[in-house]
Amino acid sequence: MSNESNRREFLKQSGLLTGGALLTTLPSFASSYGFNNSADDTIKIALIGCGGRGRGAALQALKTKQNVKIVAIADAFRDQLDDAYKILNQNPELAKRVDIPEERKFVGFDAYQKAIPLADVVILATPPGFRPMMFEEAVKQGKHIFMEKPVATDAPGVRRVLAAAEEAKKKKLNVVVGLQRHYQPNYREIIKRIHDGALGDIIGGSVYWVSGGVWVKPRQPNQTEMEHQMRNWYYFNWLCGDHINEQHIHNIDVANWVKRGYPVSAQGTGGRQVRTGKEYGEIFDHHIVDYVYEDGTLINSQCRHYEGTYSKVDEAFLGTKGRVDSFGRQSVLKDHKGGAIYTHNGKGDGDPYQIEHDELFAAIAKNEYKFWDAENGAKSTLTAIMGRMATYSGKVVKWDEALNSNINLFPDKLAWDAKPKLLPNADGFYPIAVPGKTVAV
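Residues numbered from 1 in each chain as written. Predicted model: local features only at pLDDT ≥ 70, side-chain atom pairs only at ≥ 80, totals over all residues. Heavy atoms only, no water.

The name an unreviewed UniProt entry assigns to the protein chain is Dehydrogenase, from the organism Larkinella terrae.

Here it is in structure tokens:
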């Protein structure tokens, strides 16, 4: 059987071609769009979430060597969708792979439900709070998936992702999560050697994302509370999960990767020292957490948003035979006398953001079931959420307590005139967690 025949069979078995059973579940408009026409070998993509990361992921998908085409696009906001459409069409060569007429541009809270049926591969790049329900829907419809990190903002969301991840495995759906260090050559080479015993047993470490912080989008006249929080999503936990979750997850995930497991407990401290204005919503501007793993190893985690201060985004680990002090492109594994055990020469290393898409689409084109990142993505997300629970409450939080928490941050209703669960006071300030008073789990 030819490679192309194999690919068709793989897509068919994954529910991606218009077999009779699938057609009975799709909207009637699917066939009018030529949805997954068996005469066409194009891998069709739907972009869900048109912000900066969504646009970047879409461009990286277009740059792969496979026969891909973006055929649908969706976002809650029309202006973000229009901006993304313009950017996707700026490069004349890539624009040949963009086929998004007006009728395949979807806007609103339910836009993802209209775009997903039209694709073979779905890119999920909305704010993280929406990830569980969108991932769940994409798996239900039998799609291969690229989804950004983190994959949830609370424990109920993590549990939904874990359940959907099991379904994705059963359906042999490739799922790549945007924890791109897993696709970065220096991390792959260094951690492979750590796992092969180059540093002995890992007995400690530190992970960092300390920086000046990110963008702010102040409240605009006539915005509803829902729109304001959606536009300024980084500062509201139902959407973002705090920067320990949205940003520092990268470094926390590396600790889990190195340890080949997840922490059993977390305790820490945090607060709002510098970014105290109402425009910063409810999130802390610093978190310091001790994560303890099953063998007793303690990994210290630090993240902060202070402008004009020392910045560091990196990881370091100590083993019984040696250490690694940085994961730069010239990473060095050292023995305890300072001698080099291994030096990674990063010259020529590819862009990990591109590599994750190159490998995902190559696997799909070759009929390979190769990527099942969702489970680790969910558990590293829970690790970050557990850290937030610890800093917000001031308590020691155990893994099972965090996983089984029933604190649900998501709004009861999604509509522009609906009220999120967190609301400002008369002066525009939002309630802030108070260690010692805030409930942990």
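That covers the picture; the talk isn't over yet.
Comments concerning the overall build of the protein chain
In terms of regular secondary structure, the protein chain is built from 15 helices and 15 strands. For the protein chain, the spread of C-alpha atoms along the three principal axes comes to 60 × 60 × 40 Å. When the 441 residues of the protein chain are sorted by exposure, 57% land in the buried category. Taking the intrachain contacts of the protein chain between residues at least 6 apart in sequence as the baseline, contacts between residues at least 24 apart amount to 74%. Carbon and sulfur atoms make up 50% of the accessible area of the protein chain, which amounts to about 18200 Å² in all. Distance from the positive charge centre (56 side chains) to the negative charge centre (52 side chains) of the protein chain: 1 Å. (Helix = DSSP H or I, 4+ residues; strand = E, 2+ residues; numbered from the N terminus. Buried < 20%, exposed > 50% of the residue type's maximum accessible area, 1.4 Å probe, protein only. Contact = heavy atoms within 4.5 Å. Areas by Shrake-Rupley, 256 points an atom, 1.4 Å probe, with all protein chains shown as cover. Lys, Arg positive; Asp, Glu negative; His and termini not counted. Charge placed at Lys NZ, Arg CZ, Asp CG, Glu CD.)

Quick word on the packing of aromatic side chains
Throughout the structure, instances matching the rule amount to 18 aromatic pairs. With centroids separated by 5.8 Å and ring planes inclined at 75 degrees, the aromatic side chains of F130 and W238 adopt a geometry described as edge-to-face. Taken together, the residues F130 in the loop between β4 (121-124) and α7 (131-140) and W238 in the loop between α10 (225-231) and α11 (243-246) connect sequence positions 108 residues apart. A residue is classified by how much of its surface remains accessible, and F130, at 4% relative accessible area, is buried. Summarising the aromatic geometry, the rings of Y369 and W372 are spaced 5.5 Å apart at their centres and angled 50 degrees between planes, so their arrangement reads as tilted. Residue classification places Y369 among the partly exposed positions, given a relative accessible area of 25%. Each member of the aromatic cluster is reached from another via a ring pair, and the members are W215, W233, Y234, Y235 and Y280. Sitting above the plane of the Y85 ring, K105 keeps its charged end 3.6 Å from the centroid. In this structure, R231 is placed above the aromatic ring of F77, and the distance from its NZ or CZ to the ring centre is 3.7 Å. (Phe/Tyr/Trp six-rings, centres within 6.5 Å; stacked < 30°, edge-to-face > 60°. Lys NZ or Arg CZ within 6 Å of the ring centre and 35° of its normal.)

A look at the pairing of strand β1 (residues 43-48)
Within β1, six of the six residues are buried, leaving the element largely enclosed by the surrounding structure. Summarising the sheet, β1 and β4 pair through four bridges and their orientation is parallel. Considered in β4, the bridge of A46 is made with V122. (Pairing = 2+ DSSP bridges.)

With respect to the packing of helix α12 (residues 249-259) against helix α14 (residues 374-393)
Two numbers describe how α12 lies on α14: the axes approach to 9 Å, and their chain directions differ by 110 degrees. Relative to α14, α12 is oriented roughly perpendicular. As α12 runs across α14, the sense of the crossing is right-handed. Counting all contacts with α12, which are made through I249, I252, D253 and N256, the residues of α14 involved are N376, S380, T381, T383 and A384. (Axes fitted to C-alpha atoms, helices over the stretch in contact; angles between N-to-C directions. Parallel < 35°, antiparallel > 145°, perpendicular 65-115°, else oblique. Left-handed = near helix turned anticlockwise from the far one by under 90°.)

A look at the state of the cysteines
One pass over the structure, following the stated rule, counts zero disulfides. With no disulfide of its own, C50 lies 19 Å from the sulfur of C240, the closest cysteine sulfur. The buried category is assigned to C50, whose relative accessible area is 0%. C303 provides the cysteine sulfur closest to C240, a residue in no disulfide bond, and the two sulfurs are 11 Å apart. Given a relative accessible area of 0%, C240 falls into the buried group. (Disulfide = S-S within 2.5 Å.)

Overview of the UniProt feature "domain: Gfo/Idh/MocA-like oxidoreductase N-terminal" (unreviewed entry) in the protein chain
Following the UniProt record, one finds the feature "domain: Gfo/Idh/MocA-like oxidoreductase N-terminal" (unreviewed entry) at residues 43-171. Across residues 43-171 one finds 45% helix and 19% strand; the C-alpha atoms that close the span lie 18 Å apart. (UniProt positions renumbered as here; feature names shortened; annotations may be inferred.)

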